[in-house]
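Per-entry structural report
The residues making up each chain are set out below.
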There are 2 protein chains.
Amino acid sequence: MVSAPIAWQTDRMSTIRGARERARIEVTAAIKDEARKQLAEEGAPKLSLRAVARELGMVSSALYRYFPSRDDLLTALIVDAFDAIGAAAEQAAAEQAAGEAPPAERWVAVSCAVREWALAHPHEYALIYGSPVPGYIAPMDTVGPAARVGLVLIDIVRGAYRAGDLTLPPLADGLRADAERMAADFAEGVPPESVAALVAAWAQLFGLISFELFGQFNRVVEEREALFRQTAGELARSVGLRDAGTA
Amino acid sequence: MVSAPIAWQTDRMSTIRGARERARIEVTAAIKDEARKQLAEEGAPKLSLRAVARELGMVSSALYRYFPSRDDLLTALIVDAFDAIGAAAEQAAAEQAAGEAPPAERWVAVSCAVREWALAHPHEYALIYGSPVPGYIAPMDTVGPAARVGLVLIDIVRGAYRAGDLTLPPLADGLRADAERMAADFAEGVPPESVAALVAAWAQLFGLISFELFGQFNRVVEEREALFRQTAGELARSVGLRDAGTA
DNA sequence: TCCAAAGCAAGAGCACTGCTCTCGTTCATG
DNA sequence: CATGAACGAGAGCAGTGCTCTTGCTTTGGA
């Protein structure tokens, strides 16, 4: 029997094979750090391999030993960003779970955590939820990290369902089959009605964040946090979570 | 396909000042057309002044007689895109108004028209609703065209309110002042409760479209039109429009 | 009618970019 | 210890946005 792949990876990481391998890991991390720094300052389109190399005191061609192309470096940053926003959501959910808060409140807390991460890392947010780079096709490595926020939201709904605290929203006929497939694929233990509403709420949540971050609310909305909180609460209700305000 | 001319443009066009001026207008239009073509094929980041000039049989420096910089060319395309999606929304609204459809149905029709325009012009949509270009600040010329879709939605709600067909959604205390300001600024004749809900629904609508267009629904949602229709209907209800489905 | 002023296209050139290739050097391992 | 792989440096290619100069053409006023 072969051990789990995770364990095998940890094995490799703990077993330092030599100075060269360790240097490689360090340089790779340094490149990503510098790239992330430039990303935060100038944004993805301005991220330049040459500038990263320059700042690191090496020549541009040396960078290709670590990342075969600029897109691959971007992919690494994308994965990191998905992981970071996913971790922020998971942490918020964990904190709420400890306090035994009602599901709707946990939903709002997670939503706010996601929004706050986005406000703190606008360029990284734009990298993962903004316009995709044309010609760039997200490799499979990204789908796992990309799902983390969604899974947190699913968990909240599943918990509410198991506790009998979930009101089933209406479901259009044309959506039932797809909703059942989605439930089976990545939301086991959640009724299809809620899965469909959940996916819609998920997109709407990020719509609010994107509008705020991408400047669509400029000259329109001022009290953005209040609007977000209120709307996130209504989205919680729309997926069937009991209203937190009436508790 | 020429975009809707602005007032002063029409003025100038009717008063032909000379061959030179006419040539200038034609060349400007040709540049925009070619740029739009390349935009549709490759996307905004790949849009190259030199390539546009090459395709038009002129030298790159000549292009600067018409657009002082690449950003200015992009601005022109942005204004056109806002105008186009605004026109699509207005047309859908006009068609629905002629048939005296209930407000919620008109809301859904406008939403679907916007979505369909987005699906037909993904790169232009990404240009106006995707990640903003870092360092690029939208000039004032864009705010008018950018507001058109929103104004169509406001009109529907205002019509429903005047007809006594509007249910007022709840409004958080922290939002009332801002909502009143918004109502005074650009939604006269609409109660503040509805304005706040309207702005949120507006962002959520585009969140759905962006998620679909930017690939976030890949491997998740299949029946995207059905999900959009259902959610647009619920958004209509969330701003207080009478449910169309129960008619 | 003539002429200066303004508009225009072209070309050279600058400082960049991503990326490839070659050339010595250094390291890890059989 | 010797050999092959990994590595950093540098030159070079094709492309980019943008500027400046150089002539030519059109335009509008004297």
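Residues numbered from 1 in each chain as written. Chains lettered and ligands numbered in written order. Predicted model: local features only at pLDDT ≥ 70, side-chain atom pairs only at ≥ 80, totals over all residues. Heavy atoms only, no water.

**Digging into the relation of the copies chain A and chain B**
This is how it is decided: Superposition of the copies used a least-squares fit over C-alpha atoms from residues whose pLDDT is at least 70 in both. For this analysis, residues touch if any pair of their heavy atoms sits within 4.5 Å.
The operation relating chain A to chain B is a screw motion whose rotation component is 180°, with 0.0 Å of axial translation and a residual RMSD of 0.1 Å. Here the transformation between the copies is reduced to the relation of a two-fold axis. Residue Gly-207 of chain A, judged by its C-alpha, is the member of chain A lying nearest the rotation axis, at 1.7 Å. Residue by residue, 100% of the interface of chain A is reproduced at the interface of chain B, so both copies engage with the same surface.

**So, the pattern of salt bridges**
Rules: Salt bridges are identified by distance alone: a Lys or Arg side-chain nitrogen within 4 Å of an Asp or Glu carboxyl oxygen. In this text, helices come from DSSP runs of H or I with a minimum length of four residues, and strands from runs of E with a minimum of two, each type numbered from the N-terminal end. Working definition: with a 1.4 Å probe on protein chains only, accessible area under 20% of the residue-type maximum means buried, over 50% means exposed, and in between means partly exposed.
For the coordinates displayed, the defined rule picks out 27 salt bridges over all chains. For Glu-90 of chain A, the salt bridge is made with Arg-148 of chain A, and the minimal N-O distance between the two is 2.8 Å. Linking Glu-90 of chain A in helix 5 (residues 70–98) with Arg-148 of chain A in helix 9 (residues 148–162), this pair joins segments that are 58 residues apart in sequence. Under the relative-accessibility criterion, Glu-90 of chain A is labelled partly exposed at 33%. A salt bridge links Glu-225 of chain B to Arg-229 of chain B; the shortest N-O distance between them is 3.5 Å. On the criterion of helical spacing, the pair formed by Glu-225 of chain B and Arg-229 of chain B is a turn pair, its members being four residues apart in helix 12 (residues 224–238). We classify Arg-229 of chain B as partly exposed; its relative accessible area is 42%. It is possible to trace a salt-bridge network through shared partners that takes in Lys-32, Asp-33, Arg-36 and Asp-80 of chain A.

**With respect to the interface of chain A and chain B**
The line we're drawing: Accessible-area loss on putting two parts together, using a 1.4 Å probe and summing over both, is the definition of buried area adopted here.
Counting residues at the interface gives 46 residues for chain A and 46 residues for chain B. The contact between chain A and chain B buries some 3800 Å² in all, and 67% of this surface belongs to carbon and sulfur atoms. Three residues stand out in chain A for area buried against chain B, namely Pro-134, Gln-204 and Phe-211 of chain A, and they jointly supply 14% of the buried area on that side. In this structure, the connection of chain A to chain B is made through zero salt bridges.

**Considering the UniProt feature "DNA-binding region" (unreviewed entry) in chain A**
Note the cut-off: UniProt positions are given in the numbering used here, feature names are shortened, and annotations may be inferred rather than shown by experiment.
Residues given the UniProt feature "DNA-binding region" (unreviewed entry) here are residues 48–67 of chain A. What you have in residues 48–67 of chain A is 55% helix and 0% strand, and the ends, taken at the C-alpha atoms, are 13 Å apart.

**Focus: the side chain of Gln-216 of chain A**
Cut-off, in case you're wondering: Any pair of N or O atoms that falls within 3.5 Å is considered a polar contact. Within protein, one atom must be able to donate a hydrogen and the other to accept it, and sequence-neighbouring residues count only if both atoms are side-chain atoms.
In this fold, Gln-216 of chain A is placed in the loop between helix 11 (192–213) and helix 12 (224–238). For Gln-216 of chain A, a relative accessible area of 14% translates into the label buried. A distance of 3.4 Å separates the side chain of Gln-216 of chain A from the backbone oxygen of Ile-128 of chain B, its partner in a polar contact. Not counting residues up to four positions away in its chain, the partners in contact with Gln-216 of chain A are Phe-211 of chain A together with Phe-82, Ile-128, Tyr-129 and Trp-202 of chain B.

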